[in-house]
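Understanding the architecture of this molecule
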Amino acid sequence: ASYDMGGHDTYMHKEIHEQADAVDRVLRGRIDDRFSTVHLGGLNLDAREARQIRRVKILGCGTSYHAGMIGAQMIEELARIPADAEPASEFRYRNAVVDPDTLYVAVSQSGETYDVLAAVQELKRKGARVFGIVNVVGSAIAREADAGIYVHAGPEVCVVSTKCFTNTTVAFALLALHLGRTRDLSVRDGKRIIEGLRKLPEQITEVLKQEDQIKQLAEQYADARSMLFIGRVRGYPVAREASLKLKEVSYIHAEAYPASELKHGPLALIEPALPTVAIVPDDDLLEKNRAALEEIKARSGRILAVAHQEQEKADQTIVVPKNEDELDPILMGIPLQLLAYHTALALGRDIDKPRNLAKSVTVE
Ligand code: G6P
């Protein structure tokens, strides 16, 4: 690739460190303080149409699918529209019922992923309304979609996605806020979310300052053969994405599970050799999450927590700044990008080009 590495040894490292600026860009020019909403010029959706949406279905692959899982929760929370995400690759083969009152949202960094493109084309053929949330301007999916939001993450070269994931989750927050403000989201809540969004770049910088500490943790965990990632509701897609990041770039097996499902299987695996990374936001589920940590500790499991405050049951805690509950997932994954990066570095992996993977999968 031909972009300057700007003094970093890998694109992954560079792109992780570009996130404060990238988030600044996805927000720029879009916030409307007067009405506590956002302007999304590429959306082409008037308020009356927005109110007619009865469901939102989000489609993407890999990291973009995980960003979509976070997006679905934001849309449900802020706009109270039923929403869910599904891998585009699954959706297109199951002869899904296409519904005219559903808004379909195709998510893709490259805008070229074949499974996503094929899903969009099938949806369009059946008369559905499809939006794109895409990074690469003018890409196939951006062109095929009826309307959309560019995430403005800038060029992403490393095969594993970092800054584009973060920007996509922010773009979803904008979409959720926009849809919410055509419905029942109050001016006050709109303001609250806008203030939260504005805090993000500075908070990202704060998270990235902990790199030395995270590097030490990565070196401690690099000998693990497998790792478990857990989270609940808002924390679950964060756990999914962190586990994907670790396995893609370090080749350590990792599995993500809802913390609420531990007792239905994964607890049988807990022993000192299987470390757990737990996402523990300071929200209404804090006590439930703490109980899960206790269950793991009682079985001698090692725990690394990502939380808003030090977790007593964890062996180590990476403390991240608190934002609004709905926006917390945007920040909580960022230290785990660094964990994956430094684990891969300690193991001497080919960080920007993991074996067997491609940046964009333009074939079946
Ligand atoms: C490939 C890449 C992943 C990426 C996925 C979707 O599998 O290795 O990092 O998340 O494609 O790519 P897209 O460009 O559609 O977001």
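To keep things clear, this report deals only with the structure shown in the data block. (Residues numbered from 1 in each chain as written. Predicted model: local features only at pLDDT ≥ 70, side-chain atom pairs only at ≥ 80, totals over all residues. Heavy atoms only, no water.)

1. Comments concerning the site of the ligand
Just so we agree on the cut-off: By convention in this text, a residue qualifies as near a molecule or strand provided that one of its non-hydrogen atoms is within 4 Å of it. A 3.5 Å cut-off defines polar contacts: any pair of N or O atoms within that distance qualifies, except that in protein one atom must be a possible hydrogen donor and the other a possible acceptor, and neighbouring residues in sequence count only when both atoms are side-chain atoms. For accessible areas, the Shrake-Rupley method is used with a probe of radius 1.4 Å. Any residue's cover is judged against the shown protein chains and nothing else. Cavities and pockets were defined on a 1 Å grid built over protein atoms only: a cavity is a set of grid points that admits a 1.4 Å probe from which the probe cannot escape, a pocket is an open set flanked by protein on both sides within 12 Å along at least five of seven lines, and lining residues are those with an atom within 4 Å of any such point. A molecule is counted as occupying a cavity or pocket when more than half of its atoms fall within 2 Å of that pocket's grid points. To qualify as a helix, a DSSP run of H or I must reach at least 4 residues; to qualify as a strand, a run of E must reach at least 2; elements of each kind are numbered from the N terminus.
Taken together, 13 residues lie around the ligand, and Ser-64, Ser-108, Gln-109, Ser-110 and Thr-113 are the ones closest in. Here an oxygen atom of the ligand sits 3.0 Å away from a polar atom, N or O, in the main chain of Thr-63. Contact distances for the ligand include 2.8 Å between an oxygen atom and a backbone N or O atom of Ala-358. When the ligand is considered free in solution it has 390 Å² of accessible area, and contact with the protein chains removes 90% of it. When atom positions are compared with the pocket grids, the ligand is found to occupy the largest pocket. Considering each element in turn, the shell around the ligand owes the most residues, three residues, to helix H4 (residues 62-79).

2. Some details on the sheet that holds strand E10 (residues 276-280)
In a beta sheet, neighbouring strands pair by backbone hydrogen bonds and run either parallel or antiparallel. Let me state the cut-off plainly: Note: two strands are recorded as paired if DSSP finds a minimum of 2 bridges between them. In this description, a line fitted to the C-alpha atoms serves as the axis of each element, helices being fitted only across the stretch in contact, and the angle between N-to-C directions of two axes falls anywhere from 0 to 180 degrees. Contact criterion: two residues are considered in contact whenever any of their non-hydrogen atoms come within 4.5 Å of each other.
Ordered in space as E9-E8-E10-E11-E12, the five strands form an open sheet in which the pairing is parallel. Each of the sheet's edge strands pairs with one partner strand only, and the pair in question is strand E9 (253-258) and strand E12 (316-319). The average angle at which neighbouring strand axes cross in this sheet is 20°, direction not considered. Note: strand E8 (residues 226-231) against E10, three bridges, orientation parallel. Note that in E10 the partner of Phe-229 across the bridge is Val-277. Contacts from helix H10 (residues 211-221) reach E8, strand E11 (303-307) and E12 within the one sheet, and its direction differs from that of E12 by about 145°. In the packing of helix H14 (residues 334-346) onto the sheet, contacts are made with E10, E11 and E12, and the angle to E11 comes to roughly 145°.

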